[in-house]
Amino acid sequence: MTHMITVAIAGPRGRMGQEAVHTVISREDFQLVGVLDHKEIAENLQQYPQFPDTYDVPVFMDLQTLFNEVKPDVIIDLTTPEAVYEHTKLALKHGVRPVIGTTGFTDEQLQELTDYAKQHGIGAIIAPNFAVGAVLMMKFAAMAAQYMPDVEIIELHHDQKLDAPSGTAIKTAQLIQENRPSHKQGHLDEKETIPGARGADFDGMRIHSVRLPGLVAHQEVLFGGEGQMLTIRHDSYNRASFMSGVKLCVEKVMTLDHLVYGLENIL
Ligand SMILES: NC(=O)C1=CN([C@@H]2O[C@H](COP(=O)(O)OP(=O)(O)OC[C@H]3O[C@@H](n4cnc5c(N)ncnc54)[C@H](OP(=O)(O)O)[C@@H]3O)[C@@H](O)[C@H]2O)C=CC1
Ligand SMILES: O=C(O)C1=N[C@H](C(=O)O)C[C@H](O)C1
């Protein structure tokens, strides 16, 4: 008999949260035992207009209470850069395994959470992008950087996104950095006549963030060489594209005793 994994979701009304609720409920081996909503909207998920009245799941306004009352194995966080660090820390303290899709962690926060999970032997996954195609795009980009070290990243997202650059763009740059000799790109004397024109500087490579209505999540990694350019592009056209990664992470985190940053490390 398969062991049922009990799951909580933070941010169930959000674009990703709604999709994750349906995904978890549709799985016979996952049980959605509670959700965290920071606004007092309803006591049960079935009272929300977004969900059917078969979704009998308690809503909590406070994460501590959720952990005490329903003791989930895993919490999936799909909230905001402002809230996610405290949520992750609290989950680890309660021995609840975090699966974090929310982006916007600082390097220091990531390090602190990694150290805490390691010290206490708790599994955790922070995945800036759950889409398998996006992970392949990052891996191919890292591979290409060995041969074509002049690279710029253009990430394009819907205009409701809070953080820039995207978590995916940062992760891509970090993976590229492992293979690309550190150097500044462009003319040594280049000057921005409008500040920001050249994008964010990550170890000498530039990251550009586009925000427009109608977009979901897209990224291009551009490699320039003598007389040639290589473009590696990934598009998520909907949030369903992230759900196979969410399911995989919920299963995988149960087997871990440390924090994994990036889906590429568990595929
Ligand atoms: N890893 C991945 O593959 C992906 C990651 N993301 C990331 O996931 C996050 C969510 O994205 P998205 O769904 O588009 O964003 P939304 O704004 O649609 O959803 C966020 C939800 O979280 C709620 N919320 C905010 N603060 C809290 C809190 N303290 N406690 C509980 N709920 C809270 C918001 O409520 P309210 O609006 O009422 O304040 C909202 O319902 C972002 O960081 C995004 O970058 C997105 C897509 C894929
Ligand atoms: O906010 C989003 O939408 C997304 N956020 C993640 C990120 O910051 O990379 C993942 C995906 O790009 C969608």
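Everything numeric here is computed off the predicted structure, so don't read it as measured data.

## A word on the site of ligand 2
Then step 1. Near ligand 2, the surroundings consist of Thr103, Pro128, Asn129, His157, His158, Lys161, Asp163, Ser166, Gly167, Thr168, Ala217 and Phe242.
Then step 2. In this structure, Thr168 approaches ligand 2 through a side-chain N or O atom, which is 2.4 Å from an oxygen atom.
Then step 3. Summarising the interface, the protein chains cover 84% of the accessible area of ligand 2, which totals 320 Å² for the free molecule.
Then step 4. Of the residues in the shell around ligand 2, the class split is three nonpolar, seven polar and two charged.

## A short note on the UniProt feature "binding site: (S)-2,3,4,5-tetrahydrodipicolinate" (unreviewed entry) in the chain
Then step 1. The sites that carry the UniProt feature "binding site: (S)-2,3,4,5-tetrahydrodipicolinate" (unreviewed entry) are, in the present numbering, His158, Gly167 and Thr168.
Then step 2. By the secondary structure assignment, His158 is in the loop between β7 (151-157) and α6 (167-177).
Then step 3. Beyond its immediate stretch of four places on either side in the chain, His158 contacts Arg15, Arg211, Leu212, Leu215, Val216 and Arg239.
Then step 4. Tracing the backbone through its elements, the reader meets Thr168 in helix α6.
Then step 5. Aside from chain neighbours lying at most four places away, what touches Thr168 is Pro128, Asn129, Met137, Met138 and Gln219.

## As for the side chain of Thr6
Then step 1. Within the secondary structure layout, Thr6 lies in strand β1 (residues 5-10).
Then step 2. Setting aside its immediate chain neighbours within four residues, Thr6 contacts Gln31, Val33, Lys71, Pro72, Asp73 and Val74.

The rules behind the values
Residues take numbers from 1 onward in each chain, read along the sequence in its written order. To label them, take the chains in the order written and letter them from A, then take the ligands in the order written and number them from 1. A pLDDT threshold of at least 70 governs which residues receive local features in this predicted model, and a stricter bar of 80 or more applies before side-chain atom pairs are shown or counted, although totals over entire chains, interfaces and linings include all residues. Calculated side-chain values reflect all of the structure's heavy atoms, with hydrogen atoms and water omitted. It suffices for a single heavy atom of a residue to lie within 4 Å of a molecule or strand for the residue to be listed as near it. Polar contact is defined as a pair of N or O atoms within 3.5 Å, subject to the rule that within protein one atom must be able to donate a hydrogen and the other to accept it, and that residues adjacent in sequence are counted only when both atoms are side-chain atoms. Each accessible area is a Shrake-Rupley result for a 1.4 Å probe, and residues are judged covered by the shown protein chains and nothing else. The residue classification treats Ala, Val, Leu, Ile, Met, Phe, Trp, Tyr, Cys and Pro as nonpolar and Asp, Glu, Lys and Arg as charged. All others, Gly included, are polar. UniProt positions are given in the numbering used here, feature names are shortened, and annotations may be inferred rather than shown by experiment. Each helix is a run of H or I in the DSSP string that is no shorter than four residues. Each strand is a run of E no shorter than two, and both are numbered from the N terminus. We call two residues in contact when some of their heavy atoms are within 4.5 Å.

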